[in-house]
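# Close look at the chain arrangement
Each chain is listed here by its residues.
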Amino acid sequence: MFDKRNLSSLSSGARQDANKLARGYYRTDDKTTLGILHAIAAKDPEKPLFLLDPCCGEGIVAHDIAEHLGNTRTYGAEIDGERFLKASEKMDRVVHGDALYLTANQSWAGLMFFNPPYGTTQTKSAGKEVNIRLEELFWIRHASRLVTGGLLIAVLPDYLFFRESRKLADQFANYLSDDTIVYRAETAQFKQIVIIGHRRDRQRFPTPNLDLRNLLLNHDADLPSLPQEPLSSPFLAPAGHAPDIFHASSLTTEAVSVAISNDNSFDKELERMFLSETISGTRFRSVAAIREGHIPALLASGGLDGIVQDEQGAYLVRGTVNTVIEVTDGEATENSTKTISTRKHETRIMAWDLSTFDLIDITDNPAARKETA
Ligand SMILES: C[S@@+](CC[C@H](N)C(=O)[O-])C[C@H]1O[C@@H](n2cnc3c(N)ncnc32)[C@H](O)[C@@H]1O
């Protein structure tokens, strides 16, 4: 049985806590984690269960769930360097980088813990700047990682569906089974809800869960608290299986330091970094014919990684995109200060001349996109 005393404490000291909040790190609080643990169990405890937390922070909640379920392999992604290093000590495989650019398979996780950053970002659609919720972006990117019948635990702001994104309420209604329950999180501080349910087999059960949609869109909904004791019929998480591919688009200093400290893993990181998508068998599809003008973008995105040859020689090419987030204080109201986060995508292209192995070219083109949280 999981012991409540094993849950790591939320506080790291008043000053550090304030810093974390200022940088938008709203990790799942321990009381909410305990309530979630009371609601879940492994379906096949003898098989290893594969858990994904695509925005894993310091890996605390993923680690607590794994301890509770037993026989669990934890996978995660985290953009912040310090949190990544901490998560790497607690989880089996963590990548350091932007989870929106994670390279990983679909349909492998038996359990997905989804607590992404909250806020609004701007993106281009049909040539126009439009606002989109971050939660929606992360959902679009990661919903497919769970196997059909896999267990989703989503911790989200309570106003997200009725105030910000009715579209996301439709997506959850299409995605989740009829036994889904929406709880209120244990702490009122972040005004969160906890959605627990299974990914529906849409071929067998095509009708959306309209009760769930209506509940998510009702801002007066009277939601139950998370269970105080283990449920007699908990939500069961199936095992899933290991992903074939799970890596970031770039190698960072922090990722190298973790890889060096794990025997054998450094060679694997290097292999991942230098293997081209074409060599590893993945083919890119383009909606229009590729023209010469597309080459810089293809290089920067890593789409042309690998060995490129022409009459002048052979080159090893590597392109990366790094997301850098800067958070500053914006407008202050009586009770709070709105933080503004700006995401910059820094592209970098490196090429080595294979006859000398000299680094011959580095291109650096920061391009910025604005986001408010
Ligand atoms: C709400 S916290 C959740 C942490 C953890 N899953 C939990 O529930 O305690 C969101 C985390 O996402 C991280 N994050 C923000 N943007 C990210 C991105 N683009 N890629 C990966 N992680 C990101 C933040 O640094 C933060 O640690």
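Residues numbered from 1 in each chain as written. Predicted model: local features only at pLDDT ≥ 70, side-chain atom pairs only at ≥ 80, totals over all residues. Heavy atoms only, no water.

## Digging into the environment of E46
So the rule is basically this: Each helix is a run of H or I in the DSSP string that is no shorter than four residues. Each strand is a run of E no shorter than two, and both are numbered from the N terminus. Only protein chains enter the accessibility calculation, which uses a 1.4 Å probe; a residue whose area is less than 20% of its type maximum is buried, one above 50% is exposed, and one in between is partly exposed.
One can find E46 in the loop between β1 (40–42) and β2 (49–53). Classification of E46 as exposed rests on a relative accessible area of 61%. Each C-alpha atom, one on E46 and one on A239, is 9.2 Å from the other, the two residues being 193 residues apart in sequence.

## Quick word on the state of the cysteines
Defined as follows: When the sulfur atoms of two cysteines come within 2.5 Å, that pair is taken as a disulfide.
Taken as a whole, this structure holds zero disulfides when the rule is applied. With no disulfide of its own, C56 lies closest to C55 among cysteine sulfurs, the gap being 8.1 Å. Judged by relative accessible area, which is 5%, C56 ranks as buried.

## Considerations on the pattern of salt bridges
Note the threshold: The term salt bridge refers to a pairing of a side-chain nitrogen on Lys or Arg with a carboxyl oxygen on Asp or Glu at a separation within 4 Å.
In the structure shown here, the tally under the stated rule is ten salt bridges. The closest approach of N and O atoms between E58 and K86, which form a salt bridge, is 4.0 Å. With E58 in the loop between β2 and α3 (60–69) and K86 in helix α4 (residues 81–90), the pair connects residues that are 28 residues apart, well separated along the chain. Of the residues examined, E58 reaches a relative accessible area of 7% and is grouped as buried. Linking E135 and R133 is a salt bridge whose minimum nitrogen-to-oxygen distance equals 2.8 Å. Per residue, the accessibility class of E135 equals that of R133, and both read buried.

## A word on the confidence of the model for the protein
Basically, it comes down to this: Note: pLDDT gives the predictor's confidence per residue, expressed from 0 to 100. Residues count as neighbours in contact if any of their non-hydrogen atoms are within 4.5 Å of one another.
On average, residues of the protein carry a pLDDT of 82, and 75% of them reach 70 or more. Scored below 50 in pLDDT, residues 1–13 makes 27 contacts in the model with residues more than four places away or belonging to other chains. Contacts from residues 276–282, a stretch scored under 50 in pLDDT, to residues over four places away or in other chains number five contacts.

## Thoughts on the side chain of E136
Where we set the bar: Any N or O atom pair separated by 3.5 Å or less is treated as a polar contact, with the protein-specific requirement of one donor-capable and one acceptor-capable atom, and with residues adjacent in sequence counted only for side-chain atom pairs.
Looking at where E136 falls in the secondary structure, it is placed in helix α5 (residues 134–142). Using a relative accessible area of 6% as the deciding quantity, one classes E136 as buried. For E136, the side chain forms a polar contact with the side chain of K167, separated by 3.3 Å. Ignoring any residue separated from it by four or fewer positions in sequence, one finds E136 in contact with S165, K167 and L168.

## Observations regarding the packing of α4 against helix α9 (residues 253–261)
As a reminder, the rule being used: Lines fitted to C-alpha atoms define the axes, with helix axes restricted to the stretch in contact, and inter-axis angles between N-to-C directions lie between 0 and 180 degrees. Angle categories are assigned with fixed cut-offs, so that under 35 degrees is roughly parallel, over 145 is roughly antiparallel, 65 to 115 is roughly perpendicular, and the rest are oblique. Each helix crossing is assigned a hand: it is left-handed if the near helix lies turned anticlockwise from the far helix by less than a right angle, otherwise right-handed if that turn is clockwise.
Here α4 crosses α9 at 20°, and the two axes come no closer than 10 Å. Comparing the axis directions of α4 and α9 gives the class roughly parallel. As α4 packs across α9, the resulting crossing turns out to be right-handed. Contacts from G81, F84, L85 and S88 in α4 reach E254, A255, S257 and V258 in α9.

## Describing the packing of aromatic side chains
Applicable threshold: Stacked, tilted and edge-to-face are the three classes applied to pairs of Phe, Tyr and Trp rings, where Trp contributes its six-membered ring and a pair requires centres within 6.5 Å; stacked means planes under 30 degrees apart, edge-to-face means over 60, and tilted covers the rest. Lysine and arginine charges are scored as sitting over a ring when NZ or CZ, respectively, is within 6 Å of the ring centre and within 35 degrees of the ring normal.
With the rule as written, the count across this model stands at eight aromatic pairs. Judged by centre distance (5.9 Å) and plane angle (80°), the rings of W108 and F246 are edge-to-face. Residue W108 is located in the loop between β5 (103–104) and β6 (109–114), and its partner F246 is located in strand β13 (residues 246–247); the two are separated by 138 residues in the primary sequence. Here W108 matches F246 in class, with each residue buried. Seen in terms of ring centroids, F161 and F172 are 5.4 Å apart; in terms of plane orientation they differ by 75°. Their pairing is edge-to-face. With a gap of eleven residues between them, F161 in helix α6 (residues 160–164) and F172 in helix α7 (residues 166–175) connect regions that are remote in the sequence. Its end group placed over the ring of Y159, R163 keeps NZ or CZ at 4.3 Å from the ring centre.

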